[in-house]
Amino acid sequence: MTDKTIADLIEDRFGLPTEDGRDMPAEGELAALLRHRSHRRFKPDAVPDELLRVVLAAAFSAPAKSDLQQCSVIVVKDPDLRARLNALIVGQDWIPGAPSLLVFCGDNRRIRRISEARGKPYPNGHLDSFLNCAVDAGIVLATFVRAAEAAGLGCCPISVIRDRIEEASALLGLPDHVFPVAGMGLGWPEREGWVSLRLPPSVTVHTDRYDDSTMLAEVDAYDRRRDARFSTPPAQQRMTAEYGVAEFYGWSEDKARQYATPQRKQLAGFLKSKGFGLD
Ligand SMILES: Cc1cc2nc3c(=O)[nH]c(=O)nc-3n(C[C@H](O)[C@H](O)[C@H](O)COP(=O)(O)O)c2cc1C
């Protein structure tokens, strides 16, 4: 039992006062969702195979587009393979310390093979096929995070694996129509971690019609709230050679700098080489 309410957890998450959920005790799945945090530092203890299978079973209980179930997960067990993948995931010093590594893949191969085995055409190899399997993999990934946290584990997805998508796919033996959406580092959290402030619902939730007329002002206020909770030290600012050391360095400046250089431009070419039609 706890004296906290769901409203307290929403306030923690958004840094804004609310009375929503004031009568609801901070318990159960809603509370766990609101308490979510990524973990990147782990105790050295291994994750038992049985527990990992339980968490994966829960993750694959996620809904899937048309019940096609277009996600596959590679559990990396071989130490040599693991070391090679670690080396591919650059700029992420926490990866080698994660006791388990998994890779969540969009898998459009299965339905294609089934169609062929059932003697049917598959005239759907266009962008929607790619989107559906990418979304399925994302939903399984998000459900995995929830399941892992429910089991007391901690984890963090790894999109950086896509920086070297060709090499990662080759190491994992991914055939045509299967591609990595994200890796996942998993283990027993070494620290409690912290709740990362989210954009306010006034920015992300629209009623009836999309409206971002106040977005920039709201993001500015969000930057200030975030900075009050955790200020990025000057040494952690990105691209200071190009943009200097900002006196105030908020989330929006960080994200704008992050996306000021091209990232993963090779993705479309790689996906086409794996047979995906992106038209
Ligand atoms: C698809 C996806 C890919 C991600 N890739 C990375 C990554 O490569 N490296 C990393 O440190 N965190 C990664 N993250 C974690 C995000 O940075 C994290 O979710 C975000 O900062 C919010 O923090 P929180 O999860 O603790 O609330 C990823 C998250 C998602 C959903």
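Bear in mind the structure is a predicted one, so any value in this text is a computation, not a measurement.

## What to know about the site of the ligand
Then comes step 1: His36, Arg37, Ser38, Arg40, Gln92, Cys156, Pro157, Ile158, Ser159, Val160, Ala182 and Ser196 make up every residue found near the ligand.
Then comes step 2: With three residues, strand β3 (residues 154-158) is the largest single contributor of residues to the shell around the ligand.
Then comes step 3: For the shell around the ligand, the residue count by class is five nonpolar, five polar and two charged.

## Observations concerning the pairing of strand β2 (residues 100-107)
If a strand is regular, its side chains alternate between the two faces of the sheet.
Then comes step 1: In terms of burial, β2 is a largely internal element, eight of the eight residues being buried.
Then comes step 2: In β2, alternate side chains face the same way, and those of Ser100, Leu102, Phe104 and Gly106 on one face and Leu101, Val103, Cys105 and Asp107 on the other are all buried.
Then comes step 3: Alignment of strand β1 (residues 71-76) against β2, held across six bridges, turns out to be antiparallel. Across the sheet, the residue bridging to Ile74 is Val103, located in β2.

## Brief notes about the nonpolar core
Then comes step 1: Among the nonpolar cores identified, the biggest contains 36 residues, and Phe104, Cys105, Ala137, Leu141, Phe144, Ala148 and Met184 are the most heavily contacted of them.
Then comes step 2: Sorting the residues of this core by element identifies α3 (49-59), β1, β2, α6 (127-150), β3 and β4 (178-187) as the ones contributing at least two each.
Then comes step 3: If we skip the residues at most four places from it in the chain, Cys105 touches Cys71, Ser72, Val73, Ile74, Ala137, Leu174, Val178, Phe179, Pro180 and Val181.

## Focus on the environment of Gly187
Then comes step 1: Along the chain, Gly187 falls in strand β4.
Then comes step 2: By C-beta crowding, Gly187 is classed as buried, having 24 other C-beta atoms within 10 Å.
Then comes step 3: For the pair Gly187 and His126, spaced 61 residues apart in the sequence, the C-alpha separation amounts to 37 Å.
Then comes step 4: When neighbours within four sequence positions are excluded, Gly187 is seen to be in contact with Phe42, Lys43, Val47, Ala98, Pro99, Ser100, Leu153 and Gly154.

## Considerations on the domain arrangement of the chain
Then comes step 1: Under the domain assignment, the chain is made up of domain 1 (49-191) and domain 2 (200-259).
Then comes step 2: When each unit is reduced to the centre of its C-alpha atoms, the spacing between domain 1 and domain 2 is 30 Å.

## Some details on the sheet that holds β4
Then comes step 1: A sheet is described by the order of its strands in space; here four strands give the open sequence β1-β2-β4-β3, paired in antiparallel fashion. Two strands close off the open sheet at either side, each with one partner strand: β1 and β3. Going across the sheet, the axis of each strand differs from the next one's by a mean of 25 degrees, ignoring polarity.
Then comes step 2: Direction of pairing for β2 relative to β4: antiparallel, over a ladder of eight bridges. Residue pairing across strands places Phe104 opposite Ala182, the latter belonging to β4.

## Digging into the environment of Gly185
Then comes step 1: As for its position among the elements, Gly185 is in strand β4.
Then comes step 2: Those residues in contact with Gly185 that lie beyond four places of it in its chain are Arg40, Trp94, Ile95, Ala98, Leu101, Cys155, Cys156 and Ile158.

## Observations regarding the pairing of β4
Then comes step 1: Most of β4 is tucked away: nine of the ten residues are buried.
Then comes step 2: Strand direction decides the pairing type here: β3 and β4, joined by five bridges, are antiparallel. By the bridge assignment for β4, Ile158 is matched with Gly183.

## Comments concerning the environment of Ala260
Then comes step 1: Looking at the element boundaries, Ala260 is found in the loop between α11 (251-258) and α12 (267-273).
Then comes step 2: Between the C-alpha atoms of Ala260 and Met239, which are 21 residues apart in sequence, the distance is 9.1 Å.

What counts and how
- Residues numbered from 1 in each chain as written.
- Predicted model: local features only at pLDDT ≥ 70, side-chain atom pairs only at ≥ 80, totals over all residues.
- Near = placed C-beta within 6 Å.
- Helix = DSSP H or I, 4+ residues; strand = E, 2+ residues; numbered from the N terminus.
- Nonpolar A, V, L, I, M, F, W, Y, C, P; charged D, E, K, R; others polar.
- Buried ≥ 20, exposed ≤ 12 C-beta atoms within 10 Å, placed from the backbone.
- Pairing = 2+ DSSP bridges.
- Core = buried A, V, L, I, M, F, W, Y, C linked by C-beta atoms within 7 Å.
- Contact = placed C-beta atoms within 7 Å.
- Domains from an automatic or database assignment.
- Axes fitted to C-alpha atoms, helices over the stretch in contact; angles between N-to-C directions.

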